[in-house]
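# Working through the structure, step by step
Chain by chain, the residues:
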Amino acid sequence: MHSVWAVATNTIRQALRMKTPTAFVVLLLILLPVMGISATGDGTLKGRLQTFVSYGLSLTSILLSLLTIIVSAYSLTSDIQQKQIYTVVTKPIRRAQLLLGKLLGVILLNVVLLVLFSAIIYGITVYTPRYFNVTEAELSKLKTRYAQALEDELQKSGASYSEQSEAQLLQSNAELYHLRVAVSDFEARLAQINNEFFTARTSIVPVEADVDQEVKEIYQKRKESGQLPEDMSVSEIMKELTGIKRLEKRAAGVGHQLLWEFHDVKPRDPNASLFVRFKYDVSNPSVSQVYSQWFIGDYRQIRYGTEPKTAIYETPVRSDPVRTARELEFPADAVAEDGYLAVGFTNVPLNDTVVIFPLEDGLEVLYKADTFTANFLRAVLLILFRLIFLACLGLLAGTFLSFPVAILFCLVVFLTATFSGFVLESFDSLGENLIGVYSYTVRPVIQLLPQFDKFNPTKFLVPARLLSWALTAKVAALVVAVKGLLLLLLSLLIFNFKEIAKITV
Amino acid sequence: MQYAVETFSLTKIFSDWWGRDKIYAVDDLNLQVRGNEVFGLLGPNGSGKTTTLKMLLGLLHPTKGRTLVLGGDGSDPKINARIGFLPEESYLYRYLTARETLDFYGRLFALPAEVRKLRIEALLDMVGLKAVANRPVGTFSKGMARRIGLAQALINDPELLILDEPTTGLDPIGTRQIKDLILKLAQRGKTVLLCSHLLADVEDVCDRISILYGGKIQAEGKVRELLQQTGKRQITTGAISDTAVEKIKQIVQQEDTDCEVTSPMDKLETFFIRTITAAQEQAQPISGAVSTTRIGDFLAREMPAERILDKLVAASVSRETTPESPLTDQVAPVQEAESKPDEGLLSQLTQSAEPAPGETGAREDIKTEPVERAEPPPEQIKKRILDELTHPSITPDGAQDQAEQDKSQTGDSANA
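Residues numbered from 1 in each chain as written. Chains lettered and ligands numbered in written order. Predicted model: local features only at pLDDT ≥ 70, side-chain atom pairs only at ≥ 80, totals over all residues.

## Regarding the overall build of chain A
Looking only at helices and strands, chain A features 18 helices and twelve strands. C-alpha extents for chain A along the principal axes are approximately 95 × 75 × 40 Å. Taken over 505 residues, chain A has a buried fraction of 32%. At a minimum sequence separation of 6, the contacts of chain A that also span at least 24 residues come to 84%. (Helix = DSSP H or I, 4+ residues; strand = E, 2+ residues; numbered from the N terminus. Buried ≥ 20, exposed ≤ 12 C-beta atoms within 10 Å, placed from the backbone. Contact = placed C-beta atoms within 7 Å.)

Given below as structure tokens:
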């Protein structure tokens, strides 16, 4: 252990005195605060926060990834190339200890830097609402001002407080009315960042309708009548037909209704809110606003005429823009005891279009499951797992490649892992014959790599989705315990049998 | 008999990219280095010396044959713990300071922090780099890097010291110091395997040598036996008169052989060291301005190093020889250095190498002394001398050590 630790500290020293981390640290220290100011997003406070967290974490993750690759690959290759390793491996240290020491050094360096930068990002994120004065304290101040003004006006008119008198005053007194509007605006802004950003919500999406049978029938029919396009493979045709059929199940004509049923909805707190997040698509391109009515609750109570146990909520007719994600807030007590929840949508006859809910993000039910801080912590852990994997990768490359080549090798792997989703998808669109070749050669190799894009932390933080401990543990197991360890074992194997003094040109 | 280093039909073939045999770097080498001897591996460039050392330490895998180092595998950490290795160039971490470098290697040996600290200071003292101990070794000259390289090889107080071209890049004074160090380590019962093509160095320190060429041993044996011209005799006298010379010539002619009478020459090394000492003594008040200051700087700090060396030796050799270097004892009848320990190594060195009046056999003595050296008893060899140094109170001459240490410390601060 002492020798592992000696090598680790030496690796950190090397990295620090090489000044590469300094360059990255300075860059981040400048960029992060600048981004905190310049990232405006869509102009709202929520947009600003989302943009900052997303850019900040992505930048940190990318720069630290590059740093990890450089430091870990350089650490071993330079020792071999500049031959300091001659004096190290001839000391009482096992080669495995040497590798582990280097790995430990790189990881420790990463942990320190990651803690530093994520603390900065977290600090700026949490401080931003305060900077723009969107806080609970400010809200209560505003409310007090309104209450004070209301009381003054009531005293002037000599009336006592009632909802009616308040409404009357609001109608007659413009100043009071503006104050009231300001209070509700402020409330909305605060609610938006608290409900849609500073939280960690679980998302439940409706189960896709089972359309396999229908698709098969259509396919058979078209095949018999010779209507199949010739330039598409069977799987491509099936995929397209499935898509069309599924969309059909999520479309409502004028005056029609759609109903989604969810099971196992388990809000943490029944007094908290439930959110229905939706996005419209329309068949009539000239339509930009959709009128709708929603209801949410235990729909079975209506169907079977039993005495209602849980509340059923209904919205008034509302108007929402097309192709923009919006959210409806309901009390969480709409969920039945067994976790059942139904969400209904009515395409009111004011519309002149079929309303479609897109497949990917058309509709989901959200509820708070954890705090933003805990979510942020796990998001940072995801980055750490990625860095540990890259450290192993850098070491592996260092055991059999020389410095610049090792870096290039790591970069290729890193980029492939970053875009693995895209790469894998593009294979699917290849012709039938080519797929056979690829699915047995390149595809398994890519699947061996971790899928960085799939577990991108900003994918969870920006829409305030819960990144559960279970998922975090799964990523840890997959990326670190399986794939990272595999690389480490491979590098131990290579390094252990390596002829260190053999000159390779 | 257990050899310290042994190779059996050791062969190394470097093959080309296609796996075809290209170069026989080492060819069927059978080498035996006995315990407690200074063994020199000689040969021109590319004769397989370094390759052999690398195979001993597991840095290269033999194509054929095998090696035994201290009775085990040279890449086994347990064996490594008893070896000190100085590669052909001092491959050091450029970003570490001298002290950090030694600390790093010390930690690889799992030396406890206190022992490590004391050893590092002792070694820095010894190699004369105390003043620059906090400078990154990347800024060091080749000679300075070599000194640090040597220090790192000694940090574990090794039983077997493997030195690859130990004196390259060193000035004559540094070379001389390393040679003395090797001899003293050998007196303490260490085994030294060194390879070099600087024949003068090898000749001065080695008990036995092997000459390699083309990866094969061309000649092997004791230095004295290999070099002695048994058909000739040499007589060295004081400055005798011409008549005496004539008489001697007559006696020799009676033996039916020729006789040549000349004045013996100084070795250039001796002359050089003497010159530098003189220059240094004059330049002392204005040190820093003269070009030799660098050397002087090192050597000024060499005094305590010499003291440590003496103690290294003294701890394992008998109590009686403690006060003086045994080497000096043999060759310099005038014990001036002893009475004035502050004068430093240089004067001692000069005296030891300088032929005393009427005694021209000094050189011969230096060369052959180790060959006839008696082996110290094994239990004394085993003593961890550096450790003893760290606890002066438990050594028999503890009080004296303490006093000397204090002295050296004040001397250091004055130098710094």
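## So, the overall build of chain B
Looking only at helices and strands, one finds 19 helices and ten strands in chain B. The buried share among the 416 residues of chain B stands at 42%. Within chain B, contacts between residues at least 6 apart in sequence are counted, and of these 70% link residues at least 24 apart.

## Some remarks on the sheet that holds strand β1 (residues 200-204) of chain A
Residues and elements named next belong to chain A. Ordered by their spatial adjacency, four strands build an open sheet running β1-β12-β4-β9, and the pairing between neighbours is antiparallel. If you trace the sheet from one side to the other, it starts and ends with β1 and β9 (326-331), each paired once. The sheet shows a mean angle of 30 degrees between the axes of neighbouring strands, taken without regard to direction. Across six bridges, strand β4 (residues 273-278) lies against β9 in antiparallel orientation. Among the inter-strand pairings, Arg277 is bridged to a residue of β9, identified as Glu327. (Pairing = 2+ DSSP bridges. Axes fitted to C-alpha atoms, helices over the stretch in contact; angles between N-to-C directions.)

## Some thoughts on the interface of chain B and chain A
With 24 residues of chain B at the contact, the number on the chain A side is 22 residues. Broken down by secondary-structure element, the contributors of at least two residues to the side of chain B that touches chain A are α2 (77-80), β6 (83-86) and α3 (98-108) of chain B. Element by element, the count of residues in the side of chain B that touches chain A is highest for α3 of chain B, at four residues. Split into classes, the residues belonging to the side of chain B that touches chain A amount to 18 nonpolar, three polar and three charged. (Nonpolar A, V, L, I, M, F, W, Y, C, P; charged D, E, K, R; others polar.)

## Some details on the sheet that holds strand β10 (residues 216-222) of chain B
Consider a sheet: its strands pair through backbone hydrogen bonds, and that pairing is either parallel or antiparallel. Residue and element names in this part refer to chain B. An order of β6-β7-β8-β4-β9-β10 is seen for the six strands of this open sheet, with the pairing classed as mixed. Single-partner strands in this sheet number two, and they are β6 and β10. Mean inter-strand twist for the sheet, computed between neighbouring axes without regard to direction, equals 15 degrees. As defined by bridge partners, strand β4 (residues 38-42) adjoins strand β8 (residues 191-196) across five bridges and the pair is classed as parallel. Counterpart to Leu42 in the pairing with β8 is Ser196. Contacts from helix α1 (residues 49-56) reach β4, β7 (160-164), β8 and β9 (208-213) within the one sheet, and its direction differs from that of β7 by about 145 degrees. Relative to β8, helix α6 (residues 172-187) is tilted by about 150 degrees, and along the sheet it contacts β4, β7 and β8.

## Some words on the environment of Arg246 of chain A
In this fold, Arg246 of chain A is placed in helix α10 (residues 234-249). Overall, Arg246 of chain A belongs to the partly exposed group, with 16 C-beta atoms counted inside 10 Å.

## Thoughts on the packing of helix α3 (residues 45-81) of chain A against helix α5 (residues 95-131) of chain A
All names here are of chain A. It is the contact of α3 with α5, at a shortest axis distance of 10 Å, that shows an interaxial angle of 165 degrees. Judged by the inter-axis angle, α3 sits roughly antiparallel to α5. In this structure, α3 meets α5 at a crossing whose hand is right-handed. Split by residue class, the contact of α3 with α5 holds 16 nonpolar, nine polar and two charged. (Parallel < 35°, antiparallel > 145°, perpendicular 65-115°, else oblique. Left-handed = near helix turned anticlockwise from the far one by under 90°.)

## Brief notes about the nonpolar core
The biggest cluster of nonpolar side chains holds 171 residues, and the ones touching the most others in it are Cys392 and Cys410 of chain A together with Leu123, Ile148 and Val192 of chain B. Sorting elements by how many residues they give to this core places helix α12 (residues 372-400) of chain A first, with 18 residues. In this structure, Ile148 of chain B is in contact with Ser90, Leu92, Ala98, Thr101, Val127, Leu129, Val137 and Phe140 of chain B, ignoring residues within four places of it in sequence. (Core = buried A, V, L, I, M, F, W, Y, C linked by C-beta atoms within 7 Å.)

## What about unusual backbone geometry?
All names here are of chain A. Its identity as a non-glycine residue notwithstanding, Lys19 has a phi of 70 degrees, on the positive side. One can find Lys19 in the loop between α1 (2-18) and α2 (20-38). Its identity is not glycine, yet Ala464 carries a phi of approximately 55 degrees, on the positive side. Position of Ala464 relative to the elements: it lies in the loop between α17 (458-461) and α18 (469-496). For Ala464, a count of 25 C-beta atoms within 10 Å corresponds to the buried category.

## Focus on the domain arrangement of chain A
In terms of domains, chain A is made up of domain 1 (2-132 + 372-496), domain 2 (136-204), domain 3 (210-249) and domain 4 (252-369). Computed from C-alpha coordinates alone, the two centres of domain 3 of chain A and domain 4 of chain A are separated by 30 Å. (Domains from an automatic or database assignment.)

## What about the pairing of β10 of chain B?
All names here are of chain B. Two strands pair when backbone bridges link them, and β9 and β10 are joined in this way by six bridges, in the antiparallel orientation. Within β10, the residue paired with Leu212 across the bridge is Ile217. The hairpin formed by β9 and β10 contains two residues between the paired strands, and Gly214 there has a positive phi angle of roughly 60 degrees.

## Concerning the packing of α2 of chain A against α3 of chain A
Pairs of packed helices are described in terms of their axes, by the angle between the two and the distance that separates them. Residues and elements named next belong to chain A. Two elements in contact, α2 and α3, have axes whose closest approach is 10 Å; the angle formed by their N-to-C orientations is 175 degrees. When the axes of α2 and α3 are compared, the pair comes out roughly antiparallel. Facing Thr20, Pro21, Phe24, Leu27, Leu28, Leu31, Leu32, Met35 and Gly36 of α2, the residues of α3 in contact are Phe52, Tyr55, Gly56, Leu59, Thr60, Leu63, Leu67, Ile70 and Val71. By residue class, the composition of the contact of α2 with α3 is 14 nonpolar, four polar and no charged.

## With respect to the confidence of the model for chain B
The predicted structure's coordinates, where accompanied by low pLDDT, should not be read in detail. All names here are of chain B. Confidence in the prediction of chain B, expressed as mean pLDDT, is 72, and 68% of residues score 70 or more. A low-confidence stretch, residues 285-307 (pLDDT under 50), is modelled with 47 contacts involving residues beyond four sequence positions or located in other chains. Note that pLDDT drops below 50 for residues 313-383; the model gives that stretch 108 contacts with residues more than four away or on any other chain. (pLDDT = per-residue confidence, 0-100.)

## Examining α5 of chain A
Structurally, the α-helix is built with 3.6 residues per turn, so residues lying three or four positions apart point the same way. Look at α5 of chain A: 53 Å from first C-alpha to last across 37 residues, which is about the 54 Å you get at 1.5 Å a residue. Following α5 of chain A by one or two positions, Asn133 of chain A adopts a phi angle in the positive range, close to 60 degrees. (Expected span 1.5 Å × (residues − 1).)

## Topic: the environment of Asp79 of chain A
All names here are of chain A. Inspection of the secondary structure puts Asp79 in helix α3. Sequence separation between Asp79 and Gly398 is 319 residues; the distance between their C-alpha atoms is 9.7 Å. Those residues in contact with Asp79 that sit more than four places away from it in its chain are Gln84 and Ile85.

## Let's talk about the environment of Val53 of chain A
All names here are of chain A. Among the secondary structure elements, Val53 is positioned in helix α3. In the structure, Val53 is positioned 176 residues away from Pro229 in sequence and 46 Å away in space, judged by C-alpha atoms. The residues contacting Val53, other than those within four sequence positions of it, are Ile121, Thr125, Thr458, Leu461 and Val462.

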